[in-house]
Amino acid sequence: MDLNKHMSERAPAREAEGRLAVAVRLPVRIVVLVLVVPVRLLWDVLVAGGALLNRAVLRPLGRGLAVLGRVLVVTPLNWCVRWIVVPLGRGTLWTLKGLWSGCAWLLRVLVAVPAKWLYGAVLTPLGHGLARAADGAGVGLLWLIRVLVVVPVAWLWTWVLAPVGKAVGYVLVKGARGIGIGLYWTLRVLLYYPALGLWRWLLAPVGRGLAVVGREVADAVGHAWRIAGRISRAVGRFLGGLLRLLLVGPAVRFYRAVCVPVGHAVRDTLWRPAARLAREAGRAARQALGTVRDTARQTRADIRRAFSGARRERVAVAVPATAREPVTGPTAGPTAGPTAGPVAGPARVGAPGDGRLGDPLAPAATSAPVPRPVPLSGPGEGVPGDGVAGGPRGTGSGPREPGGDPRRTLGSSTTALTKD
């Protein structure tokens, strides 16, 4: 094999291929760039529109359809399968099991048992008898077939058919071989050599040229697609800047220079005062409603006490030292004695919080120290609800306060007795 011959044949082909590529490359790239730029622009627009459509329409629509399908299809179907199809299938399965058990029992009773009895009692003895009879007949039949058929056929094959077949096969093999050699050379001369010459001198060069052109076109399309992408990006940025310059910038400046001050002025001059007035009106209305509610509650309580005769609750308060009176007689407490100090007299009772005499919340009339509260009754009695020793809490079994004409007054929260 001569390797230098093949190398010398391939070098001009590569050189010709390189010249063809250089000659075709620049025009093809220019033409392809002109054709691909509009396609790339359209493609970028379609991609951006598709992304916007997917984000703004298709995804929410898909989520809505998914929720709708879950509500209208999946949940009813699940409920139907769980509460209708499954119990019905189980009932049908149990019914089929019962039917199969009944049919199996009927087949066993009506078919299997009689068939077993028939096979064991009738068919087995009959088969045994027929087998013994067939054994004798079969021996005689085999001897006749051997004598009348097998021996003559073997002699005919050995002495007639085998020699004739060998002779015919030899003749056919030799004839077929000669015919095959003739056809081979005929086809080789008439078809193979012309096809080889056509491929080597016409189709292969044309194919190489087309491959070079196709490769250059593919490379040109790739380069043009990338360049068109850059052009499309530049066009998009230009249009975005133009849109920002003509619409977005003025809109932002108008918002910052006009809308924001106007909105702040409206908020400071109208909205906040109106909201403050509304809050104050609501607070006043709530207070008025609360006052009306308390007054109505107190009125109902007074009416209930007037009709039911319930004892009014009294509050023990301290009085100044100048108003104390000694307590004598059976009303004196257990601390009265020779060494005991003065005992405070009866305290004035008033409505808590009304500012009258006896109000623990009112300022003292004098600068004297305020003593501790004392009960209004003797030992064994106490003011209901005050927790003072002597009597159960809340019994209210002490005598009323003597002196003065009691009169009914409407205080802030209770009705109390006061002295003039």
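Residues numbered from 1 in each chain as written. Predicted model: local features only at pLDDT ≥ 70, side-chain atom pairs only at ≥ 80, totals over all residues. Heavy atoms only, no water.

**Q** Run through the overall build of the protein, naming residues and quoting values.
**A** When helices and strands are tallied, the protein shows 1 helix and 2 strands. In the protein, the order of α-helices and β-strands from amino to carboxyl end is α-β-β. Looking at the protein residue by residue over its 420 residues, the buried ones come to 11%. (Helix = DSSP H or I, 4+ residues; strand = E, 2+ residues; numbered from the N terminus. Buried < 20%, exposed > 50% of the residue type's maximum accessible area, 1.4 Å probe, protein only.)

**Q** Requested: an account of a positive patch on the surface, with residues and values cited.
**A** Where like charges cluster on the molecular surface, the positive patch consists of Arg29, Arg226, Arg230, Arg233 and Arg237. In this fold, arginine 230 is placed in helix H1 (residues 3–308). By relative accessible area, which is 63% here, arginine 230 ends up exposed. (Patch = residues over 30% accessible without salt bridge, like charges linked within 9 Å, V, L, I, M, F, W, Y side chains within 5 Å. Areas by Shrake-Rupley, 256 points an atom, 1.4 Å probe, with all protein chains shown as cover. Salt bridge = Lys/Arg side-chain N within 4 Å of Asp/Glu carboxyl O. Lys, Arg positive; Asp, Glu negative; His and termini not counted. Charge placed at Lys NZ, Arg CZ, Asp CG, Glu CD.)

**Q** Before we move on, can you summarise the confidence of the model for the protein with the specific residues and values?
**A** Per-residue confidence for the protein gives a mean pLDDT of 76; residues scoring 70 or more make up 69%. When mean pLDDT is taken per element in the protein, H1 scores highest with 87 and strand E2 (residues 415–418) scores lowest with 41. Counted against residues more than four places away or in other chains, residues 327–371, with its pLDDT under 50, gives 62 contacts. This model gives residues 373–420 a pLDDT under 50, and the stretch forms 92 contacts once residues within four places in sequence are excluded. (pLDDT = per-residue confidence, 0-100. Contact = heavy atoms within 4.5 Å.)

**Q** Residues and numbers for the packing of aromatic side chains, please.
**A** All told, the structure shown has 2 aromatic pairs when counted by the stated rule. When the ring of tyrosine 184 is compared with that of tryptophan 185, the centres are 5.5 Å apart and the planes differ by 75°; the resulting orientation is edge-to-face. Note on tyrosine 184: relative accessible area 45%, which makes it partly exposed. Measuring from ring centre to ring centre gives 5.5 Å for tyrosine 192 and tyrosine 193, while their planes differ by 65°; the resulting arrangement is edge-to-face. Assessed through its relative accessible area of 41%, tyrosine 193 is described here as partly exposed. (Phe/Tyr/Trp six-rings, centres within 6.5 Å; stacked < 30°, edge-to-face > 60°.)

**Q** Residues and numbers for the pattern of salt bridges, please.
**A** By the definition in use, this model includes 5 salt bridges. A salt bridge links aspartate 44 to arginine 40; its shortest N-O distance comes to 3.1 Å. One end of the pair is aspartate 44 and the other is arginine 40, both in helix H1 and 4 residues apart, which spans about a single turn. A relative accessible area of 16% means that arginine 40 is categorised as buried. A salt bridge links aspartate 302 to arginine 305, with the shortest nitrogen-to-oxygen separation between them at 3.1 Å.

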